[in-house]
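The chain contents come next:
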Amino acid sequence: MTQDQRRKYSSQVVDGAGRAPGRAMLRAVGFSDEDFRKPQIGIASTWSNLTPCNMHIDGLAREASRGADSAGGKGVIFNTITVSDGISMGSEGMRYSLVSREVIADSIETAAGAEGFDGLVAIGGCDKNMPGCVMGLARLNRPSVFVYGGTIKPGADHTDIVSVFEAVGQHAKGDIDLIELKAVEEKAIPGAGSCGGMYTANTMASAIEAMGMSLPGSSAQNAVDDTKVQDCQAAGQAVLQLLEQDIKPSDIMTREAFENAITVVIALGGSTNAVLHLLAMAHTMEVNLTLDDFTTIGQRVPVLADLRPSGQYMMSELVAIGGIQPLMKMLLEAGLLHGDCMTVTGKTLRENLAEVAPYPDSQDIIHALNDPIKKDSHLRILYGNLAPTGAVAKITGKEGTRFSGTARVFHSEEEAQARIIDGTVTAGDVVVIRYEGPRGGPGMREMLSPTSAIMGRGLGDSVALITDGRFSGGSHGFVVGHVTPEAYEGGPIGLIENGDTITIDAESNEMRLEIDDAEMERRRQAWQRPEPRYRRGVLAKYARTVSSASEGAVTDRD
Ligand SMILES: CC(C)(O)[C@@H](O)C(=O)O
Ligand SMILES: [Mg+2]
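Keep in mind it's a predicted model, so treat the numbers as computed, not measured.

Criteria and thresholds
Residues numbered from 1 in each chain as written. Chains lettered and ligands numbered in written order. Predicted model: local features only at pLDDT ≥ 70, side-chain atom pairs only at ≥ 80, totals over all residues. Heavy atoms only, no water. Helix = DSSP H or I, 4+ residues; strand = E, 2+ residues; numbered from the N terminus. Rg over C-alpha atoms; globule rule 2.2 N^0.38 Å. Buried < 20%, exposed > 50% of the residue type's maximum accessible area, 1.4 Å probe, protein only. Contact = heavy atoms within 4.5 Å. Expected span 1.5 Å × (residues − 1). Donors = N, O, S within 2.8 Å, 3.2 Å for Na, K, Ca; no water. Tetrahedral: all angles 85-135°; square planar, octahedral: opposite > 155°, others 65-115°.

**Student:** Teacher, can you tell me more about the overall build of the chain here?
**Tutor:** Along its length, the chain carries 21 helices and twelve strands. Over its C-alpha atoms the chain spans a radius of gyration of 23 Å, differing by no more than 12% from the 24 Å that the globule rule assigns to 558 residues. By its C-alpha atoms, the chain is 75 × 55 × 50 Å across when sized along the principal axes. Here the chain holds 558 residues, and 62% of them are scored as buried. Counted over contacts in the chain with a minimum sequence separation of 6, partners at least 24 positions apart contribute 77%.

Printed below as a string of structure tokens:
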């Protein structure tokens, strides 16, 4: 491919006498005559000092830019936003979390679309960054690579952010005092990097690597490590190679690649957010993926990783034994991955895995296929009279696979949290948290505070929680989220009354409100939509455009 063919977009901005004003501007940011003849590589950085997940990404962006320069391109760094779920969780501000995914995708599309980058590297840290970046790259469909900022190291005594959330529940129960709670708070977050278990950030990074949009190994690296620096430089270089071969996201993010991503997420015991984000990414790439694909794939893929929140180990411990590449090789050899998928190395998944060595014999983080932690998926898609268009449950089996209990209904996360903490919620209850959906919240908050409070209070196997909101990757217990249609749209979750019996069955994949159809209809007639919580600003805009959680909660429908 000629240099000019590789400058499909930047040539429109910098070539010819008429473009002198644009070149004048670019000279001021460091372009030389020679640079105008190079492909421009946009480096989307989610750097921010507001969260440890992203506080090191400015340095990583500079490494990626150097990598692009060294391969004959011209790297141009630009920034997009991030918000931190670990900080906003349980507050009004958490309504902005899922919204930030759209803002990130929109801003990458906007900056690259306006400036004429020929290729891109996008670097994400906190969990919504990852799908946000990839959605931006997919919309642009220019040769590009995603880089994960890397995982945080464990805090002292094997703690992490979820340890702090669960300590809040232990404190409420009286098991630990304020001094002990503060000690957990002080030791859990030792520096830069994304939340340390198989929570949403590590889940999505792994999914994206499995999908072929990150370099092999990228998703399982420590944030502060030479391997991450090398990954960034290599990503900058890889974009130039992708330009040469004209390999675009649409060549990589195929239906089979999404199936690979789902397979790896299940094997890792990953976050329920993967369902939402993969549906959204597929929508962006115009790949036909539905909730039911998670069921079909989930029937044949076991959970193999003993990682938090349901298991014991942290991501950095998986990094130490070789990351997810040996796992992917195991899955490929078992016929569970499509080996012919193209990746950002310019090679297929099978070619990338050819030289990968197996895990050391001594490890017990990743179980063998004949000794799974769970023989099928922990991510269950439930239907029934409570979720006519689907819901997403995380059922590891540790808390059982069937739950029948008495509804205790709350109209917000805060209300529910207060009643869990003060002991009103007791064994046998099904906590219902509604009006937390994408549109009704708005923003579909993550219920990590209530699920952690339930665990901390020792009610993990005797209380279930259902919501039209979503969960953190750190949530565990008997939990069902993404209940659709959401309450604000008139969904049956809005018709539950205190004292009703609710049955959740993760074997038959059903969730039922035990009332007859006539009673359901009577309640439906009496239901009234509440006033929206926001009338102006980004949350109101979001509520007006967002689709159902069962469709990925996207805002750019046709
Ligand atoms: C705070 C967490 C654990 O990062 C959460 O937001 C997640 O979704 O995993
Ligand atoms: Mg999150």
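Past the structure itself, the notes keep going.
**Student:** Would you mind going over helix α10 (residues 226-245) with me for this structure?
**Tutor:** Because the α-helix completes a turn every 3.6 residues, residues three or four places apart line up on one side. Taking 1.5 Å per residue, 20 residues should reach 28 Å; α10 reaches 28 Å between its end C-alpha atoms and fits that length. Among the residues making up α10, those that are buried are Lys228, Asp231, Cys232, Ala235, Gly236, Ala238, Val239, Leu240, Leu242 and Leu243. The secondary structure elements touched by the buried residues of α10 are β1 (40-45), α3 (57-70), β3 (119-124) and β4 (144-148). Following α10 by one or two positions, Asp246 has its phi on the positive side, about 55 degrees.

**Student:** Sorry, what's going on with the coordination of the magnesium ion (ligand 2) here?
**Tutor:** When four donors bind a metal tetrahedrally, each ideal donor-metal-donor angle is 109.5 degrees, and when six bind octahedrally, the ideal angles are 90 or 180 degrees. Within the first shell, the magnesium ion (ligand 2) binds the protein through Asp85 (OD), Asp127 (OD), Glu446 (OE) and Glu446 (OE), at distances of 2.0 to 2.5 Å. Bound by six donor atoms, the magnesium ion (ligand 2) shows angles of 55 to 167 degrees at the metal and therefore irregular coordination geometry. Positions of the donor residues of the magnesium ion (ligand 2), expressed as sequence spacing, correspond to D-x41-D-x318-E. Linking Asp127 in the loop between β3 and α6 (129-140) with Glu446 in the loop between β8 (429-433) and α19 (448-456), this pair joins segments that are 319 residues apart in sequence. Assigned by exposure class, Asp127 and Glu446 land together as buried.

**Student:** Is there a simple way to think about unusual backbone geometry in this case?
**Tutor:** Leaving glycine aside, a negative phi is the common case for residues, and trans is the common case for peptide bonds. Note that the residue after Gly441, namely Pro442, is joined by a cis bond; omega there is -15 degrees. Here Pro442 is to be found in the loop between β8 and α19. Here the residue pair Thr484 and Pro485 is connected by a cis peptide bond, since its omega of -5 degrees sits within 30 degrees of zero. By secondary structure assignment, the location of Pro485 is in the loop between β10 (478-481) and β11 (501-505). We note that Asp157 has phi near 60 degrees; this positive angle belongs to a residue other than glycine. Relative to the elements of secondary structure, Asp157 occurs in the loop between β4 and α7 (161-173). The exposed category is assigned to Asp157, whose relative accessible area is 60%. Phi at Tyr435 is positive, roughly 60 degrees, even though this residue is not glycine. Residue position: Tyr435 is located in the loop between β8 and α19.

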